[in-house]
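An overview of the molecular structure
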Amino acid sequence: MADAVGPTLYTAFGLSIRSELRLTELPQTIGKTGAADVEIELGDLSAAWRTYGDPDDYYAYLDGQFLFHVPDVAIYSIRGGKHIVVSPFAGAEEQSLRVYLLGTCMGAILMQRRTLPLHGSAVVIDGQAYAFVGESGAGKSTLAAAFRNRGYRLLSDDVIAVTVGADGNTPIVIPAYPQQKLWQASIDQLGMESDAYRRLYLSKFAIPVDSGFANEAVPLAGVFELTKTEGAKVELSDYQGLERLAILRMHTYRDFLIPHLAGEDWHFSTVAGMASRVGMYRLRRPTAGFSAHELVDRVLRTVLEDKKAMNG
């Protein structure tokens, strides 16, 4: 059950976050005073959900406010890109509260703040960010973990925050927080030991990322959509033209929130600008077998080829 603690200041997605709930996944900020970018507090949202919620749905939209109902866990209110209220149900575990708080709730906060959230993982290669997007189960986190095992730094897992640089054009990936989530099968295939990690649910584990985490925002250079193929080989192809817009729309985190929280015009102009400035590829992995190491090699080869082509 969640207990309120003295408000503690954390950092994630480039935001200072003051929370009454313990957010053990996030680095604490020491010595900073003043207003936080985001305030998280406990409250009672039961009356609001009875008034505005639908018993057959998980979401409700008010003017400037988004209600999110997770049975047996909590009701969340996300408002104005600045405030989150958590109303836990009796018996809810803090770990479960944090899963939705750091996922859907933070994705909504980013969207309200006009920062594009993509669904995937991102790593740093030669000083630039590369994002791996795809459907659930595509292998995004596993691929990012394979990159980490080779010494590349992690920027984000699950929610990738993309903003625009000071020049008004360059897409920039903002670091999330130093943790990955991996299934037991991926842990085994990567030669890791699950006994060393905290179980989140079922056979998925929280993997702390300390020295391998990138703390600074990095320009986005490429987006790889990870999909599956019945073939036996890894396949890579370029996305061109309007395909790029469709892929970025499809893999926006909780894309159904776009018209309610940010607006279609903002989203279209954001992804159109991004699509014209980054490389975009479809990376297909065989359904059978474990191909993460081969995928890493293919991505690195593509990055090198692109840099050679840019340099003449």
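Residues numbered from 1 in each chain as written. Predicted model: local features only at pLDDT ≥ 70, side-chain atom pairs only at ≥ 80, totals over all residues. Heavy atoms only, no water.

Here we look at the overall build of the protein
- The secondary structure content of the protein amounts to 8 helices and 17 strands.
- Against the 2.2 N^0.38 benchmark of 20 Å for 312 residues, the protein shows a C-alpha radius of gyration of 19 Å, consistent with a compact globule.
- Along the longest, intermediate and shortest principal axes, the C-alpha atoms of the protein span 60 × 45 × 45 Å.
- Residues counted as buried form 53% of the 312 residues belonging to the protein.
- When contacts within the protein are restricted to residue pairs at least 6 apart in sequence, long-range pairs at least 24 apart make up 63% of them.
- For the protein, the accessible surface area stands at approximately 14300 Å², while carbon and sulfur atoms represent 48% of it. (Helix = DSSP H or I, 4+ residues; strand = E, 2+ residues; numbered from the N terminus. Rg over C-alpha atoms; globule rule 2.2 N^0.38 Å. Buried < 20%, exposed > 50% of the residue type's maximum accessible area, 1.4 Å probe, protein only. Contact = heavy atoms within 4.5 Å. Areas by Shrake-Rupley, 256 points an atom, 1.4 Å probe, with all protein chains shown as cover.)

Digging into the sheet that holds strand β7 (residues 83-88)
- Read from one edge of the open sheet, 7 strands run β1-β2-β3-β7-β6-β5-β4, paired in mixed fashion. Only two strands of the sheet have a single neighbouring strand rather than two, namely β1 (8-12) and β4 (59-62). When strand polarity is set aside, the average angle formed by the axes of neighbouring strands in this sheet is 20 degrees.
- Summarising the sheet, strand β5 (residues 65-70) and strand β6 (residues 74-79) pair through 6 bridges and their orientation is antiparallel. Residue pairing in the sheet places Phe66 in a bridge with Ile78 of β6.
- Against the sheet, helix α2 (residues 94-112) touches β2 (15-19), β3 (38-42), β5, β6 and β7, its axis set at about 20 degrees to β6. (Pairing = 2+ DSSP bridges. Axes fitted to C-alpha atoms, helices over the stretch in contact; angles between N-to-C directions.)

Section: the nonpolar core
- Residues Tyr76 and Ile84 are the most contacted members of the largest nonpolar core, which totals 64 residues.
- The element contributing the most residues to this core is α2, with 9 residues.
- Not counting residues up to four positions away in its chain, the partners in contact with Ile84 are Val38, Glu39, Ile40, Glu41, Ser77, Ile78, Leu101, Cys105, Met106 and Ile109.
- Membership of the second largest hydrophobic core comes to 30 residues, among which are Leu143, Ala145, Ala221 and Tyr281. (Core = buried A, V, L, I, M, F, W, Y, C linked by side-chain atoms within 4.5 Å.)

Considerations on the pairing of β6
- In terms of burial, β6 is a largely internal element, 5 of the 6 residues being buried.
- Between the end of β5 and the start of β6, which pair antiparallel, lie 3 residues, with Asp72 showing a positive phi angle near 70 degrees.
- Examined bridge by bridge, β6 and β7 share 6 bridges and lie antiparallel to one another. Residue Tyr76 lies in a different strand from β7, and its bridge partner there is Val86.

Let's talk about unusual backbone geometry
- Positioned with a positive phi, Phe13 is a non-glycine residue whose angle comes to about 55 degrees.
- As for its position among the elements, Phe13 is in the loop between β1 and β2.
- The phi dihedral of Arg114 falls on the positive side, at around 60 degrees, and the residue is not glycine.
- Following the sequence through the fold, Arg114 ends up in the loop between α2 and β8 (116-125).
- Given a relative accessible area of 40%, Arg114 falls into the partly exposed group.

Notes on the packing of helix α3 (residues 140-149) against helix α8 (residues 292-310)
- Packing of α3 against α8 leaves a shortest axis separation of 9 Å and a crossing angle of 75 degrees. For the element pair α3 / α8, the angle class is roughly perpendicular. Residues Thr142, Leu143, Ala146 and Phe147 of α3 form the contact with α8, whose own contacting residues are Ala292, His293, Leu295, Val296, Val299 and Leu300. (Parallel < 35°, antiparallel > 145°, perpendicular 65-115°, else oblique.)

Here we look at the side chain of Ser77
- Take Ser77: it is sitting in strand β6.
- Using a relative accessible area of 3% as the deciding quantity, one classes Ser77 as buried.
- A distance of 2.6 Å separates a polar atom in the side chain of Ser77 from a polar atom in the side chain of Gln65.
- Non-local contacts of Ser77, meaning those with residues more than four positions away in its chain, are made with Leu45, Gln65, Phe66, Leu67, His83, Ile84 and Val85. (Polar contact = N/O pair within 3.5 Å; in protein donor to acceptor, adjacent residues only side chain to side chain.)

Regarding a nonpolar patch on the surface
- On the surface, a cluster of nonpolar side chains totalling about 330 Å² of accessible area is made up of Trp183, Tyr201 and Leu202.
- Within the secondary structure, Tyr201 sits in strand β13 (residues 198-201). (Patch = residues over 30% accessible without salt bridge, like charges linked within 9 Å, V, L, I, M, F, W, Y side chains within 5 Å. Salt bridge = Lys/Arg side-chain N within 4 Å of Asp/Glu carboxyl O.)

Functional significance is not addressed by these values, which are geometric in nature.
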